[in-house]
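Analysis of the macromolecular model
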Amino acid sequence: MDAALRLGAADEAIAVLRETTPFGDASEALLARIAGIARRARYAAGARIYSADDAADDIFVVLSGRAEHVFKPEVGAREALRRVTRGGVFGWAGLLLGQTQRLATVTAIEPTEVLRIDTEALVGLLESEPLEGGHVMERFASMIQREFTLPALLAQVRRLSGPLTEEMSSLSLTLYRLSLWLRSPRPYLMLVGFALFLGFWYLAVEVWKLPRFREMPGLTNVVREWLSPSPTYGLSLYIAEYYQHIAMSVWRVAQGFFLATVLGVPVGLLLGWSRSFKEYVFPVFETLRPIPILAWVPLAIVMFIATESAVVYLAFLASFFATALNTMLGVESIDESYVRAANCLGADRWQVFRHVIIPGALPFIFTGLQISIGVSWFSLVAAEMVSGQYGLGYVIWTSYVMVRYPTIVIGMVTLGIVGYVTSALVRIAGDYLMEWRVRELALAER
Amino acid sequence: MTRGHIVIEDVVKVYDPQGAAVMAVDHCTLAIEPGEICMIVGPSGCGKTTLLNAVAGFHEITSGRIIMDGEVLCSPEKPRSTPGPDRIVVFQNGALFPWKTNLDNVIFGPVMQGKLARKEAIDKGRAMLADAGLSGVEHNYPGEVSSGMRRRVEIVRALMNDPKALLLDEPYRALDSLTKSVMHEALLEIYYKNKVTIFFITHDLEEAIFLGHRVAIMTTRPCKPKKILNVDIPHPRDYSALTSKRFRELIEETNDAVHEEAWKAFQAGEKEG
Ligand SMILES: Nc1ncnc2c1ncn2[C@@H]1O[C@H](COP(=O)(O)OP(=O)(O)O)[C@@H](O)[C@H]1O
Ligand SMILES: [Mg+2]
């Protein structure tokens, strides 16, 4: 009855696979490979295709005809009987966790033609494409629940294993999410938002010449200056000095942020973990924290004779508080049950700290670090405006003093971009360290 | 079988927030036989969790003693027992570490205690997960699998330590009734293989009678046994027991007692801690 697929027949197989729920949005390449392992079979009207409790070997995709799919009663499907026609997929029991036998009996009620795909071969194939393969498995799970009305508890599909998936890094997950993002409307809405903003800027300053906007540097002006090999006011993408300013600011933020992290995280962990430490330190902490960073500038200059360290110190200070505070909140947010469970399982105090407190606080720590990198830029620019040479804050301030208005905007936009990149780096580092969270959130979005 | 004999003797627990004493457990005496499934039923807020936490060692008792296999866990001299892998709690809301994969959760106990090297623990953990039909989720994080599966993984995590007793605090409370029924059979299956003492708290009388050898019906707060029921339906049981005549009779026999306490609790406006 079976016949290997010949050329031409493969196209037909791909066409029908595309009509199915699980393979509906798979790539051409994957469909071709699946078609490559599919075999064609024909059943006469009334023929039994398989019976409940048979070994669950092949998966069936209906090409033409009609079959009746009847679950055995123990399965607890909401609808035991289902008619399957072209594009219908059955015989997927082998994909379920811990399931090796057929859950249903299937009978052809018309002359029926199907594709048969060996379950293990299919799983092997999906494992070689872990991202797409995982997606296909998820679609199988939702088809089994929605179309075949199987209870959620039973409709758990196997997890693709194999070296690739086990090592499937957060990086590939991030890339996968990126590709999903690009396929969604969000990036295009974002572009529209930017276009509106830039359009308003252009019209308000250069076309309508609205009061108050008239004196602002215009969009075309700024862009021309920024892209000019010989800029009027001396700073553009072609000038080495531009990059020296960026490098200087980044280097200062990096030092401040690094210090704030290596000091802030342990202090925060201790604050959350040790009641007596908190009683000593927290009141002081809470008194100093609300002081705006600008108020520290004079003292910082007095404290550090070298302006360079004063600037770094200011970048450090605000982010230190943000990091320590969020880390403390992170520790305090950890559900008591986790600590109790670890105690039951025989962990000592240090092991609880290492295996429960630190990982449990990590989501809050990274929220803190995101805030911290932002305030670090904020205080850096403030500090650079007051003292120091080089740096983006310095550029903005001196351009104001020397009436180079387009350069002010170049400095501001550059700050925006560099600031965004650094905070994205922090987020990526967080995703990398908290794969469990990335996956949980990815599931929640579905 | 002589492991997991827990004797609760005259235990009193008074919470004392700002001097306003709340008596949660009142001279409670109860013996849990080795290897039995002892179910504790009582209305919400009656003090069941308080009693279980005293056995587990999560807080002190005010007076009385708790003894396990001849070892005094807590007494007036040492009011708080030390939590340890001989009595493992399965929590109401689940306490698998979400940042560890299911397999890493399962091997946590033996590795922390230094009883097994990581590699041996992994072999044992894999085997135990496979035994419970959970092989497919080894490398998943708990947040990625269904809540019913999480509960099973959590029980496997406990059994990895070869405990004398499992202390379950309404573990299936948040599950839908279908999942719950599957979980009951899964728990019994695990129990028939491992034969640990099970101390199981619930407010669901049917659950209690279906699972338990004995059911202790507790009074509303302060909590102590009001009535102890021997469930003479033979083990091993499966879901057909639920529709048996004897099961219905036992429910009828005890329903009044449970309902009366629930009504008292309702009138007193009890809520959980
Ligand atoms: N830490 C606590 N401090 C004060 N009262 C508490 C505390 N924990 C629980 N209680 C009180 O003790 C009583 C019993 O609570 P609990 O043991 O959680 O009940 P159950 O588990 O039976 O629902 C309740 O009235 C609750 O308000
Ligand atoms: Mg409770």
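Only a predicted model underlies this, so the values are computations on that prediction, with no experimental measurement involved. (Residues numbered from 1 in each chain as written. Chains lettered and ligands numbered in written order. Predicted model: local features only at pLDDT ≥ 70, side-chain atom pairs only at ≥ 80, totals over all residues. Heavy atoms only, no water.)

In terms of regular secondary structure, chain B is built from 8 helices and 10 strands. For a compact globule of 273 residues, the expected C-alpha radius of gyration is about 19 Å, and chain B comes in at 19 Å, within 12% of that figure. Expressed as lengths along the three principal axes of its C-alpha atoms, the size of chain B is roughly 50 × 50 × 35 Å. Sequence separation of at least 24 residues holds for 69% of the intrachain contacts in chain B that already meet a minimum separation of 6. (Helix = DSSP H or I, 4+ residues; strand = E, 2+ residues; numbered from the N terminus. Rg over C-alpha atoms; globule rule 2.2 N^0.38 Å. Contact = heavy atoms within 4.5 Å.)

This paragraph deals with the site of ligand 1. All names here are of chain B. Ligand 1 sits among 15 residues. The nearest are Gly45, Gly47, Lys48, Thr49 and Thr50. Between ligand 1 and Gly47 there is a distance of 2.9 Å, counted from an oxygen atom to a backbone nitrogen or oxygen. Note that an oxygen atom of ligand 1 is positioned 2.5 Å from one of the side-chain N or O atoms of Thr50. In isolation ligand 1 exposes 560 Å². Once the protein is present, 78% of that is buried. If one sorts the elements of the shell around ligand 1 by residue count, helix H1 (residues 48-56) sits on top with 3 residues. (Near = heavy atom within 4 Å. Polar contact = N/O pair within 3.5 Å; in protein donor to acceptor, adjacent residues only side chain to side chain. Areas by Shrake-Rupley, 256 points an atom, 1.4 Å probe, with all protein chains shown as cover.)

With that out of the way, let us pick up the sheet that holds strand S4 (residues 63-68) of chain B. Residues and elements named next belong to chain B. Pairing is antiparallel in the open sheet, where 4 strands are placed in the order S2-S1-S4-S5. Both outer strands of the open sheet, strand S2 (22-32) and strand S5 (71-74), are each paired with one neighbouring strand and no more. Averaged over neighbouring strand pairs, the angle between their axes works out to 25 degrees when direction is ignored. Pairing analysis gives 7 bridges linking strand S1 (residues 6-15) to S2, with the strands arranged antiparallel. Each residue of the ladder has a partner; that of Val11, found in S2, is Cys28. Across the sheet, H1 is in contact with S1, S2, S4 and S5; its angle to S1 comes to roughly 120 degrees. (Pairing = 2+ DSSP bridges. Axes fitted to C-alpha atoms, helices over the stretch in contact; angles between N-to-C directions.)

What follows concerns the packing of aromatic side chains. A full pass over the atoms with the stated rule returns 30 aromatic pairs over all chains. Ring centres of Phe23(A) and Phe140(A) lie 5.6 Å apart, and the angle between their planes is 85 degrees; on these two criteria the pair is classed as edge-to-face. Separated by 117 residues along the polypeptide, Phe23(A) in the loop between helix H1 (9-18) and helix H2 (28-37) and Phe140(A) in helix H4 (residues 130-146) bring together distant segments of the chain. For the pair shown, Phe23(A) and Phe140(A) are each scored as buried. On the numbers, 6.2 Å between centres and 55 degrees between planes, the contact of Tyr338(A) with Phe97(B) is tilted. A residue pair is termed interchain when its members come from two chains, as with Tyr338(A) in helix H13 (residues 336-344) and Phe97(B) in the loop between strand S6 (87-90) and helix H2 (102-106). Among the aromatic residues, ring-to-ring pairing joins Phe282(A), Phe285(A), Trp296(A), Phe304(A), Tyr313(A), Phe316(A), Phe320(A) and Phe321(A) into one connected group. Directly above the aromatic system of Tyr50(A) lies the positively charged group of Arg102(A), at a separation of 3.9 Å from the ring centroid. (Phe/Tyr/Trp six-rings, centres within 6.5 Å; stacked < 30°, edge-to-face > 60°. Buried < 20%, exposed > 50% of the residue type's maximum accessible area, 1.4 Å probe, protein only. Lys NZ or Arg CZ within 6 Å of the ring centre and 35° of its normal.)

Residues and elements named next belong to chain B. In terms of domain boundaries, chain B breaks down into domain 1 (6-86 + 166-272) and domain 2 (94-162). Taking only C-alpha atoms into account, the centre of domain 1 sits 25 Å from that of domain 2. The interface is formed by 14 residues belonging to domain 1 together with 10 residues belonging to domain 2. Across the interface of domain 1 and domain 2, roughly 1100 Å² is buried in total on both sides, 74% from carbon and sulfur atoms. Counting across the interface, domain 1 meets domain 2 through 1 salt bridge. Ionic pairing is found between Asp131 and Lys193, a salt bridge with its closest N-O pair at 3.8 Å. On the surface where domain 1 and domain 2 come into contact, there are 2 residue pairs in polar contact (both at pLDDT 80 or more). (Domains from an automatic or database assignment. Buried area = accessible area lost by both parts, 1.4 Å probe. Salt bridge = Lys/Arg side-chain N within 4 Å of Asp/Glu carboxyl O.)

Before going further, it helps to spend a moment on the confidence of the model for chain B. Here chain B shows a mean pLDDT of 89. Residues at 70 or above account for 99%. For this predicted complex, the interface confidence reaches an ipTM of 0.93, while the overall pTM sits at 0.74. (pLDDT = per-residue confidence, 0-100.)

The subject of this paragraph is unusual backbone geometry. Residue Pro222(B) is reached from Arg221(B) by a cis peptide bond, and omega for that bond is -10 degrees. Take Pro222(B): it is sitting in the loop between strand S9 (214-218) and strand S10 (225-230). At the junction of His235(B) and Pro236(B), the peptide bond is cis and its omega measures out at -10 degrees in the coordinates. Despite not being glycine, Tyr390(A) shows a phi value in the positive range, around 65 degrees. Residue Val403(A) is not a glycine yet carries a positive backbone phi of 55 degrees. Along the polypeptide, Val403(A) turns up in the loop between helix H15 (392-401) and helix H16 (405-433).

With that settled, consider the interface of chain B and chain A. With 33 residues of chain B at the contact, the number on the chain A side is 26 residues. Taken together, the two surfaces of chain B and chain A that pack against each other cover about 2900 Å², and 70% of this comes from carbon and sulfur. In terms of surface lost to chain A, no three residues of chain B exceed Trp99(B), Met112(B) and Tyr141(B), which account for 23% of the buried area on that side. In this assembly, chain B and chain A are joined by 0 salt bridges. Counting across the interface, chain B meets chain A through 4 residue pairs in polar contact (both at pLDDT 80 or more). Elements supplying a minimum of two residues to the side of chain B that touches chain A: S6, helix H3 (108-112), helix H5 (147-159) and helix H6 (177-194) of chain B. Class assignment for the residues of the side of chain B that touches chain A results in 18 nonpolar, 11 polar and 4 charged. (Nonpolar A, V, L, I, M, F, W, Y, C, P; charged D, E, K, R; others polar.)

With that out of the way, let us pick up the environment of Arg437(A). Its location among the elements puts Arg437(A) in helix H17 (residues 435-445). C-alpha of Arg437(A) to C-alpha of Leu362(A): the two residues are 75 residues apart in sequence and 10.0 Å apart in space.

The subject of this paragraph is the side chain of Thr323(A). Relative to the helices and strands, Thr323(A) resides in helix H12 (residues 307-333). Note on Thr323(A): relative accessible area 0%, which makes it buried.

You can see Thr119(A) is positioned in helix H3 (residues 119-127). Filtering out sequence-adjacent residues up to four positions away, Thr119(A) remains in contact with Ala56(A), Asp57(A), Asp58(A), Ile59(A), Gly94(A) and Leu95(A).

Another aspect to go through is the packing of H13(A) against helix H14 (residues 349-386) of chain A. All names here are of chain A. Where H13 meets H14, the closest approach of the two axes is 10 Å, and the angle between their N-to-C directions is 145 degrees. By crossing handedness, the relation of H13 to H14 is classed as right-handed. Contacts between H13 and H14 involve Tyr338, Val339, Ala342 and Asn343 from the former and Val352, Val356 and Ile357 from the latter. Looking at the contact of H13 with H14, its residues break down into 6 nonpolar, 1 polar and no charged. (Left-handed = near helix turned anticlockwise from the far one by under 90°.)

Okay, the sheet that holds strand S5 (residues 67-71) of chain A next. Residues and elements named next belong to chain A. In spatial order, the strands read S3-S8-S5-S6; together these 4 strands make up an open sheet with antiparallel pairing. Two strands close off the open sheet at either side, each with one partner strand: strand S3 (48-50) and strand S6 (81-84). The average undirected angle you get between the axes of adjacent strands in this sheet is 25 degrees. Note that S5 and strand S8 (residues 104-108) share 5 bridges and pair antiparallel. Each bridged residue has a counterpart across the sheet, and for Glu68 the counterpart in S8 is Thr107.

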